[in-house]
2 protein chains.
Amino acid sequence: MAEEKKIPYKIYLEENEMPKAWYNVRADMKNKPAPLLNPGTHQPMTAEELGGVFCDELVQQELDNDTAYVEIPQEIRDFYKMYRPSPLVRAYCLEEKLGTPAKIYYKFEGNNTSGSHKLNSAIAQAYYAKKQGLKGVTTETGAGQWGTALSMACSYLNLDCKVYMVKVSYEQKPFRREVMRVYGASVTPSPSMETEIGKKINAEHPGTTGSLGCAISEAVEVAVKNPGYRYVLGSVLNQVLLHQSVIGLETKAALDKYNIKPDIIIGCAGGGSNLGGLISPFMGEKLRGEADYRIIAVEPASCPSFTRGKFAYDFADTGMVCPLAKMYTLGSDFIPSANHAGGLRYHGMSPVLSQLYDDGLMEAVSVEQTKVFEAAEEFARVEGILPAPESSHAIRVAIDEALKCKETGEEKTIVFGLTGTGYFDMVAYEKYHDGKMDDYIPSDEELAAYAAKLPKID
Amino acid sequence: MAEEKKIPYKIYLEENEMPKAWYNVRADMKNKPAPLLNPGTHQPMTAEELGGVFCDELVQQELDNDTAYVEIPQEIRDFYKMYRPSPLVRAYCLEEKLGTPAKIYYKFEGNNTSGSHKLNSAIAQAYYAKKQGLKGVTTETGAGQWGTALSMACSYLNLDCKVYMVKVSYEQKPFRREVMRVYGASVTPSPSMETEIGKKINAEHPGTTGSLGCAISEAVEVAVKNPGYRYVLGSVLNQVLLHQSVIGLETKAALDKYNIKPDIIIGCAGGGSNLGGLISPFMGEKLRGEADYRIIAVEPASCPSFTRGKFAYDFADTGMVCPLAKMYTLGSDFIPSANHAGGLRYHGMSPVLSQLYDDGLMEAVSVEQTKVFEAAEEFARVEGILPAPESSHAIRVAIDEALKCKETGEEKTIVFGLTGTGYFDMVAYEKYHDGKMDDYIPSDEELAAYAAKLPKID
């Protein structure tokens, strides 16, 4: 590697090359994502109904399937400038290690204190709440990345932030909790005794360590019952994919700058926020017939909503207080077994991505934990960055695709999303090192039992 | 903040603007740093003597007080490209929060997995070891940043890495240990029962939780006794300051690009690796009479080597196996009280910086922990980045200087080094939040007792 490279190791956009508008992929979709339904009436949620839970401007973004570009307010662009543009990195060292003719790039979203891409939507949602004159926002967090991101955004805008953190994470990840405290957020272990739904869940399941669906129910209840508060969510929603399109827009601008055309685009998929954001502009070109790409969603074998779930209306939360969404789902009370990729444990999937997948516009694969951590460590040792377990799902498949190129001799260009860092996931790495990683995969019978409980909606 | 800024939030150099040579400030010093002495004979250490402990090419760099620029080998420049250039950030949000007319910039070295600037010298030292055909290197680590950095560098070059980690950190920072394991290093709690010095210290101080000086002694012993191994050190040494000059060179290039002339340059000082690197090119201009700057070293009040230590020859380690160095020191068996800025707990200070300080070319101030964490949190909430406690010492003084400008109305330009992130220091942040932070300052009597034990050398 002693010669100079024509493509830099890291492509950074200049500040004036950063996106000034988000891209709404729904505008180019022929089959739009199905509308959210009122859980009581099963009728499409109106803006007014949604306005009780979400900020007005975010409701508008949630329902708007037609506007292709939404201007990013200057205040949000200023915040983005504190930690963006994120680098598009050419993985020269990984390529050399693998001995592949493939060219591998990754968009690294981990260079900020939240440690992930979540901040892109957190600042947007906090901004619109502030603009509406609200006092604060409520949310849930599992692994803690979203809660941290929202705390940072709220602290910046001087907005109150109430986080319901899945109890098991609250207890096992005290450092994450402490980071949120640095940013002035209140963090409550969920299920708590502060909400009706929390009390109910605690009564029905004494000693429960909580779940994301349960924490969502609590956060929504608190937002709805407290004047001046709204609920915000870090994934799944259409508005989140809109905000996260900044990832894909920057990626595309960086590639275009060097005339690079990707063949394969890979991202990990939990609720879909990162994947949806990364692929948006590329999917747009594909939808408009301007270009073609292989787009691959990677999910954990322990929580395989795309690859083994149903495309159906389902509840977004355990308490069933949220609207129903049509999505690939394993059922709202599916709880994945011990699986350390905390951010990929959600039972459902973004309705936008679900529709695109159902329309055959993207692929999905599921991978096992041990193989994921093998890829994570291989990547860390040559590329330096210690990846989050979630992101490492994408690394696994990027390496697999690069190895296929090695066999065939094809010089494919692979781009994947490296959503974040694993500094708060060392317990999982320790289990991997000690050979105690869990590779449990749910059986067909188990999944069928959950699927049978899906709400019956035409 | 709705208008566009002329100076970007973050100044990134292009790859071709990155330094191609390190700058050796000793070349421009009229009073050179005093030579290292053989602990037995008290005569200057020869290259041959040092060669038993350090790699040959590093010995040469250690002893060379004359060559101003040392070319950075292409392999090291390639590694630098994976995580450098680091951004020079304009702290617009902090300035606004403080309401100061001062212009504040910080050079952020935390955007890599080691979480600090330590990687700059780790890759250089590992590279020269590899080039010499060695099997591996040994080192000590306290807080774990240096050990992590060295593990990363060794993993990249396929070199064995043995880390002696201060026992208290080994036990209290299992995550740091686990990161080193990701990179394939062996990590041993110090004092261990694997070395003569470790056995001796364990026998004399049963139940001791170790110290940096003791871990250094162990690592040196293992390097000297095992063929194909050498010892490497992350701070204090002249060679380390040389490698770390990349921080200052990038900073200066970024400032020059926008015609910015700093008035004050601030860095935290433990052993001096970051401060020395950051100020090198600026100090060079000052030494050559081309420019003038106020240069401020910030140290913890609990371990005040510059502000309350003696400028004298002292041992670098507890076991007294290392050469003697002339430096500002508190005495080699001074152990600071509970103080969470792990990287600033060293009893001595870089001989280069010690000489420059003694010559009146820079200032030093000491600050208390609680005030440091106040500054850290204030910074985190507006600038996003969660700073390491070490780095926060520099933040404290940068804020203090900016507030002085607010009083006087002066529009000074302040540059400080933000050496790293605090993700592995959340226990310290927790203590701060819970009001349990320790602000112990050693008494004059206490310091005098340690000073009385300094070796008597003319």
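Residues numbered from 1 in each chain as written. Chains lettered and ligands numbered in written order. Predicted model: local features only at pLDDT ≥ 70, side-chain atom pairs only at ≥ 80, totals over all residues. Heavy atoms only, no water.

> Describe the nonpolar core, with residues and values.
Within the largest apolar cluster, 243 residues are counted, with the highest numbers of intra-cluster contacts made by Met362(A) and Met362(B). Here Met362(A) is in contact with Leu275(A), Ile279(A), Met283(A), Ile295(A), Ala297(A), Phe306(A), Leu353(A), Leu356(A) and Tyr357(A), once residues within four sequence places are set aside. (Core = buried A, V, L, I, M, F, W, Y, C linked by side-chain atoms within 4.5 Å. Buried < 20%, exposed > 50% of the residue type's maximum accessible area, 1.4 Å probe, protein only. Contact = heavy atoms within 4.5 Å.)

> Can you lay out the interface of chain A and chain B for me, pointing to particular residues and giving the numbers?
Interface size is commonly expressed as the accessible area that is lost once the parts come together. Counting residues at the interface gives 48 residues for chain A and 48 residues for chain B. The shortest N-O distance in the salt bridge between Arg177(A) and Glu430(B) comes to 3.6 Å. At the boundary of chain A and chain B, one finds 21 residue pairs in polar contact (both at pLDDT 80 or more). Taken together, the residues of the side of chain A that touches chain B break down into 24 nonpolar, eight polar and 16 charged. (Salt bridge = Lys/Arg side-chain N within 4 Å of Asp/Glu carboxyl O. Polar contact = N/O pair within 3.5 Å; in protein donor to acceptor, adjacent residues only side chain to side chain. Nonpolar A, V, L, I, M, F, W, Y, C, P; charged D, E, K, R; others polar.)

> Pulling in residues and values, what's your account of the relation of the copies chain A and chain B?
Of the two same-sequence chains, chain A is brought onto chain B (RMSD 0.0 Å, axial shift 0.0 Å) by a rotation of 180°. When the rotation and shift are considered jointly, the pair of chain copies conforms to a two-fold rotation axis. Closest to the rotation axis within chain A is the C-alpha of Asn111(A), separated from it by 3.0 Å. By residue overlap, the copies meet face to face through one surface: 100% of the interface positions of chain A are interface positions in chain B. (Least-squares fit on C-alpha atoms with pLDDT ≥ 70 in both.)

> So what's going on with the sheet that holds strand β4 (residues 88-90) of chain B? Which residues, and what values?
What the seven strands build is an open sheet, ordered β1-β4-β5-β15-β10-β11-β14 (chain B); its pairing is mixed. In this open sheet, the two strands that pair with only one neighbour each are β1 (10-11) and β14 (363-367) of chain B. (Pairing = 2+ DSSP bridges. Helix = DSSP H or I, 4+ residues; strand = E, 2+ residues; numbered from the N terminus.)

> Let's hear about helix α11 (residues 238-257) of chain A: which residues, and what values?
All names here are of chain A. The end-to-end C-alpha distance of α11 is 29 Å, a good match for the 28 Å that 20 residues give at a rise of 1.5 Å each. Residue glutamine 244 marks the point of greatest curvature in α11, where the axis turns by about 30°. Buried residues dominate α11, accounting for 17 of its 20 residues. One or two residues past the end of α11 sits asparagine 259, with phi positive at roughly 55°. (Expected span 1.5 Å × (residues − 1). Bend = angle between axes of the 7 residues up to and from the residue.)

> Which residues make up the side chain of Ser280(A), and what values go with them?
The topology assignment puts Ser280(A) in helix α12 (residues 273-287). Other than its neighbours up to four places away in sequence, Ser280(A) contacts Tyr23(A), Val25(A) and Ser245(A).

> Describe in detail the state of the cysteines, supporting the description with residues and values.
Tallying each qualifying case throughout the model produces zero disulfides over all chains. Looking at the unpaired Cys93(A), the closest cysteine sulfur is the one in Cys154(B), lying at 16 Å. Its sulfur unpaired, Cys161(B) is 4.1 Å from the next cysteine sulfur, which belongs to Cys154(B). (Disulfide = S-S within 2.5 Å.)

> Describe the pattern of salt bridges, listing the residues and the values that go with them.
Applying the stated criterion across every chain yields a total of 62 salt bridges over all chains. Between Asp333(A) and Lys453(A) there is a salt bridge, with its nearest N and O atoms 3.3 Å apart. On the criterion of sequence distance, the pair formed by Asp333(A) in the loop between β13 (324-329) and α14 (351-358) and Lys453(A) in the segment after α18 (444-451) is long-range, its members being 120 residues apart. Taking the relative accessible area as the measure of exposure, Lys453(A) reaches 55% and is therefore exposed. Two residues, Arg84(B) and Glu109(B), come together in a salt bridge whose shortest N-O distance is 2.7 Å.

> Break down the packing of aromatic side chains for me, citing the residues and quoting the values.
A ring pair, where both rings are aromatic, is described by two values, the distance of the centres and the angle of the planes. One pass over the structure, following the stated rule, counts 41 aromatic pairs over all chains. Aromatic side chains Phe306(B) and Tyr357(B) sit 4.4 Å apart centroid to centroid with 50° between the ring planes, which places their arrangement in the tilted category. One end of the pair, Phe306(B), is in helix α13 (residues 305-308); the other, Tyr357(B), is in helix α14 (residues 351-358), with 51 residues separating them in the sequence. Ring geometry for Tyr328(B) and Tyr357(B): centres 5.1 Å apart, planes at 75°, overall edge-to-face. Of this pair, Tyr328(B) sits in strand β13 (residues 324-329) while Tyr357(B) sits in helix α14; the two residues are 29 residues apart in sequence, bridging distant segments of the chain. Like Tyr328(B), the residue Tyr357(B) is buried in the burial classification. Linked through ring pairs, Phe79(A), Tyr80(A), Tyr83(A) and Tyr156(A) together constitute an aromatic cluster. Sitting over the ring of Phe311(B), Lys326(B) keeps its end group 4.6 Å from the ring centre. (Phe/Tyr/Trp six-rings, centres within 6.5 Å; stacked < 30°, edge-to-face > 60°. Lys NZ or Arg CZ within 6 Å of the ring centre and 35° of its normal.)

> Describe in detail the sheet that holds strand β7 (residues 160-166) of chain A, supporting the description with residues and values.
All names here are of chain A. Ordered in space as β8-β7-β6-β9, the four strands form an open sheet in which the pairing is parallel. Among the strands making up the open sheet, the edge pair consists of β8 (186-190) and β9 (229-231). This sheet shows a mean twist of 25° between the axes of neighbouring strands, independent of strand direction. As paired strands, strand β6 (residues 136-141) and β7 are joined by six bridges and run parallel to one another. The residue of β7 that forms the bridge with valine 137 is cysteine 161. Where helix α6 (residues 145-157) meets the sheet, its contacts fall on β6 and β7, and the angle it forms with β6 comes to roughly 165°. (Axes fitted to C-alpha atoms, helices over the stretch in contact; angles between N-to-C directions.)

> Go over the environment of Gly184(A), please, and point to the residues and values.
When you line up the elements, Gly184(A) lands in the loop between α8 (174-182) and β8. For the pair Gly184(A) and Ser155(A), spaced 29 residues apart in sequence, the C-alpha to C-alpha distance is 6.5 Å.

> Go over the packing of helix α9 (residues 196-204) of chain B against helix α10 (residues 212-225) of chain B with me, naming the residues and quoting the values.
Residues and elements named next belong to chain B. At a minimum axis separation of 8 Å, α9 and α10 run at an interaxial angle of 150°. With respect to each other, α9 and α10 are oriented roughly antiparallel. Across from Glu196, Ile197, Gly198 and Ile201 in α9, the residues of α10 making contact are Cys214, Ser217, Glu218, Glu221 and Lys225. Its residues assigned to classes, the contact of α9 with α10 comprises three nonpolar, two polar and four charged. (Parallel < 35°, antiparallel > 145°, perpendicular 65-115°, else oblique.)

> Which residues make up the packing of helix α6 (residues 145-157) of chain B against helix α8 (residues 174-182) of chain B, and what values go with them?
Two quantities define a packed helix pair, namely the angle between the axes and the distance from one axis to the other. All names here are of chain B. Running from N to C, α6 and α8 cross one another at 10°; their axes reach a closest spacing of 8 Å. As judged from the angle between their axes, α6 and α8 are roughly parallel. For the pair α6 and α8, the sense of crossing is left-handed. Here Gln145, Gly147, Thr148 and Ser151 of α6 come into contact with α8, specifically with Arg176, Val179 and Met180. Residue classes in the contact of α6 with α8 are distributed as two nonpolar, four polar and one charged. (Left-handed = near helix turned anticlockwise from the far one by under 90°.)

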